[in-house]
2 protein chains.
Amino acid sequence: MMKLHWSPRSPYVRKVMVAAHELGLADRLQTVRTVVAMAKPVPELMIENPLSKIPTLVTEDGTILYDSVVIMEYLDSLAGGGRLIPASGPARFVELRRHALANGFLDMLIYWRGERDRETPMAAMIDAYTTKLDAILPALDAEIDAIAQTPVGIAQITLAIAGDYMDFRFAQLGWRERAPRYSAWQSTFQERPSMRATPVVDA
Amino acid sequence: MMKLHWSPRSPYVRKVMVAAHELGLADRLQTVRTVVAMAKPVPELMIENPLSKIPTLVTEDGTILYDSVVIMEYLDSLAGGGRLIPASGPARFVELRRHALANGFLDMLIYWRGERDRETPMAAMIDAYTTKLDAILPALDAEIDAIAQTPVGIAQITLAIAGDYMDFRFAQLGWRERAPRYSAWQSTFQERPSMRATPVVDA
């Protein structure tokens, strides 16, 4: 069994779990609940990952792997390779760039939430997040049809999780009205067994 | 020519520039000065990368790529592949994990600097960064001899840049005394032409 430092609240952990389900590898992952927060490093986790971040994977031979996209590529390799990320060529770099967009968007939402929850949020940061969202949502809405035509991969998984995260933490953004094609695609993707098996819960 | 959104202050841009020099591809990159800050999105950049982040690359066929590690893998592929990241197998995942450690460390330093420069820094965040540094520096010092035995790749490049960034922005941390093996390795790596050609300047 592989060991995965896991939490039901982390969208990055969820990326790995959805990937594992899509690849048929979920039963090879033993999840270990590891609750981290940006301001609360976890000493036991830092033995395996000094950044104190999840997901962190320990493979069957004891190799430690992080971050989420590295683990996803590793799981993909266990399943034969080239399924969640094209193995080479232009399609690989397009998938990696789309994943970077989706994951950078998720990063932004996480930091935005941190800013919002501060005693004294910095207005310039909140404004910057708002401005970037005004660029990101139309960009995703414009590209989602092309993304939807590719096989399920790291970009689609991360985009679906980002959408669900907005529903969960940023309902007031009205993202579904502002990015209707992305929203429609996400609603369908969200019904996949891999997504339904990995709900984000505030527990 | 490829076009690279570039700034002399960004350690992530520097990763790409050092990679380009190591691969002999620097003369195929046209750098375009694009000054970004976390709280200052750049409209022209957001047309190509709605996250408003650098580095962002436009390839010779017009494909847009980001973030830094995606661009580094792309440049590696142009140079034949497998030079900065092993093409497959266990060595690939070790390199990717070491890069994730180095890059996560760099991310932490960037956010730490942002926190430090706030009007009211959050004590819990500063404490968390300090605690993580206490785990990261010994971890890097313990692993650097193994890392030094691999070919120059994305992990070494990022570790060397993180060291230089600490000299530049966090001199008071005393990292060289606290991680003497990492420091000695970094001092040697820093003399490579690729590093000397890409100094970080506050301009």
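Remember, predicted model here, so these are calculated numbers, not experimental data. All chains use their own residue numbering, which begins from 1 and follows the written sequence. All chains are assigned letters beginning with A, and all ligands numbers beginning with 1, in the order in which they are written. Local features are withheld for residues below a pLDDT of 70 in this predicted model, meaning they are given only at 70 or higher, and side-chain atom pairs are given and counted only at 80 or more; totals for whole chains, interfaces and linings count all residues. For the side-chain quantities, the full set of heavy atoms in the structure was used; hydrogens and water were omitted.

1. A few points about the sheet that holds strand β3 (residues 56–58) of chain A
Residue and element names in this part refer to chain A. Put simply, the test is: Paired strands, in this sense, are two strands between which DSSP finds at least two bridges. Helix and strand definitions here come from DSSP, where helices need a minimum of 4 consecutive H or I residues and strands a minimum of 2 consecutive E residues; each element is numbered from the N-terminal end. A contact between two residues is defined here by any heavy atoms of the two lying within 4.5 Å. As a rule, the C-alpha atoms of each element are fitted with a line to give its axis, helices using only the stretch in contact, and angles between N-to-C directions run from 0 to 180 degrees.
Spatially, the four strands line up as an open sheet ordered β2-β1-β3-β4, and their pairing is mixed. Edge strands, defined here as strands with exactly one partner in the open sheet, are β2 (29–33) and β4 (64–65). Looking at chain direction, β3 and β4 are connected through two bridges and run antiparallel. From the neighbouring strand, Val58 faces β4, where its bridge partner is Ile64. Sitting on the sheet, helix α1 (residues 11–23) touches β1 (2–6) and β2, and the angle it makes with β1 is about 145°.

2. Quick word on the pairing of strand β1 (residues 2–6) of chain B
All names here are of chain B. As a reminder, the rule being used: A right-handed crossover is one whose linking path, passing over the helix from the first strand to the second, runs clockwise when the strands point away from the viewer.
In terms of strand pairing, β1 meets strand β2 (residues 29–33) through five bridges, oriented parallel. Its bridge partner being in β2, Trp6 is matched across the sheet by Arg33. Note on the crossover from β1 through helix α1 (residues 11–23) to β2: the handedness is right-handed. Sheet topology places β1 next to strand β3 (residues 56–58); three bridges connect them, and they run antiparallel. Directly across from Leu4, in β3, lies its bridge partner Leu57.

3. So, the relation of the copies chain B and chain A
Counted only if it meets this: Least squares is the method used to superpose the copies, on C-alpha atoms of residues holding a pLDDT of at least 70 in both.
It takes a turn of 180° to lay chain B on chain A, together with a shift of 0.0 Å along the axis; the resulting RMSD is 0.0 Å. Given the turn and translation reported, the copies of this chain are related as if by a two-fold rotation axis. Of the C-alpha atoms belonging to chain B, the one lying closest to the rotation axis is found on B:Thr120, 4.0 Å away. Taken together, the interface assignments show that 100% of the residues at the interface of chain B recur at the interface of chain A, consistent with an identical surface on both copies.

4. A look at the sheet that holds β2(B)
Residues and elements named next belong to chain B. Taken together, four strands build an open sheet; the order of strands is β2-β1-β3-β4 and the sheet is mixed. Of all strands in the sheet, those with a lone pairing partner are β2 and β4 (64–65), marking the two edges. Against the sheet, helix α3 (residues 68–78) makes contact with β1, β3 and β4, and its axis sits at roughly 155° relative to β1, the strand it touches most.

5. Overview of the domain arrangement of chain A
All names here are of chain A. This is how the line gets drawn: Each domain span listed reflects an automatic or database assignment of domains. Put simply, buried area is the surface a 1.4 Å probe can reach on two separate parts but cannot reach once they are joined, added for both. Just to be clear on terms, a salt bridge is a Lys or Arg side-chain nitrogen sitting within 4 Å of an Asp or Glu carboxyl oxygen.
On domain assignment, one finds that chain A holds domain 1 (2–81) and domain 2 (90–192). Domain 1 and domain 2 are separated by 21 Å when their C-alpha centres are compared. Facing the 13 residues of domain 1 at the interface are 16 residues of domain 2. Overall, the association of domain 1 and domain 2 removes approximately 1,300 Å² of surface from exposure, summing both partners, and the carbon and sulfur fraction of that is 66%. The tally of links between domain 1 and domain 2 comes to three salt bridges. We note a salt bridge from Arg14 to Asp164, for which the minimum N-O separation is 2.7 Å.

6. A closer look at the packing of aromatic side chains
Counted only if it meets this: Paired rings are identified among Phe, Tyr and Trp, the last through its six-membered ring, by centres lying within 6.5 Å, and are further divided according to the angle between planes into stacked (under 30 degrees), edge-to-face (over 60) and tilted (the rest). Note on classification: 1.4 Å probe, protein chains only; a residue is buried when its accessible area is under 20% of the maximum for its type, exposed when over 50%, partly exposed between these limits. By the criterion adopted, a ring carries a charge over it if an Arg CZ or a Lys NZ lies within 6 Å of its centre and within 35 degrees of its normal.
Inspection of every chain in the model, using the stated rule, returns 13 aromatic pairs over all chains. Look at B:Trp112 and B:Tyr129: their rings are 5.7 Å apart centre to centre, the planes differ by 25°, and that puts the pair in the stacked class. Of this pair, B:Trp112 sits in helix α4 (residues 90–116) while B:Tyr129 is found in helix α5 (residues 123–148), placing the two residues 17 residues apart along the sequence. Take B:Trp112: its relative accessible area is 6%, and that puts it in the buried class. With a centroid separation of 4.8 Å and an interplanar angle of 55°, the aromatic rings of B:Trp175 and B:Tyr182 are classed as tilted. The pair B:Trp175 / B:Tyr182 is uniform in exposure class, with both members buried. Taken together through their ring pairs, the aromatic side chains of A:Trp112, A:Tyr129, A:Tyr165 and A:Phe170 make up a single cluster. Above the ring of A:Phe189, the side-chain terminus of A:Arg192 is found at 5.4 Å from the ring centroid.

7. Quick word on the interface of chain B and chain A
Basically, it comes down to this: Within 3.5 Å is the distance limit for a polar contact, defined as a pair of N or O atoms, with the added protein rule that one can donate a hydrogen and the other accept it, and that residues adjacent in sequence qualify only through two side-chain atoms.
With 36 residues of chain B at the contact, the number on the chain A side is 36 residues. Between chain B and chain A lies a buried interface of about 3,400 Å² when both sides are counted; carbon and sulfur atoms form 70% of it. On the chain B side of the contact with chain A, B:Leu51, B:Phe93 and B:Arg118 bury the most area, a combined 19% of that side's loss. Linking chain B with chain A are four salt bridges, by the criterion used here. Between B:Glu73 and A:Arg92 there is a salt bridge, with the nearest N and O atoms lying 2.5 Å from each other. The tally of links from chain B across to chain A stands at five residue pairs in polar contact (both at pLDDT 80 or more). Broken down by secondary-structure element, the contributors of at least two residues to the side of chain B that touches chain A are β4, α3, α4 and α5 of chain B. Here the side of chain B that touches chain A takes ten residues from α4(B), the largest share from any one element.

8. A short note on α1(B)
Residues and elements named next belong to chain B. Where we set the bar: In this analysis, the expected span of each helix is defined as 1.5 Å times one less than the number of residues it contains.
Its 13 residues give α1 an end-to-end C-alpha distance of 18 Å, which sits within 8% of 18 Å, the value for a rise of 1.5 Å per residue. Here α1 lies mainly inside the structure; twelve of its 13 residues are buried. Here α1 has its buried residues at Pro11, Tyr12, Val13, Arg14, Lys15, Val16, Met17, Val18, Ala19, Ala20, Glu22 and Leu23. On its buried face, α1 is in contact with β1, β2, α3, α4, α6 (154–169) and α9 (193–196).

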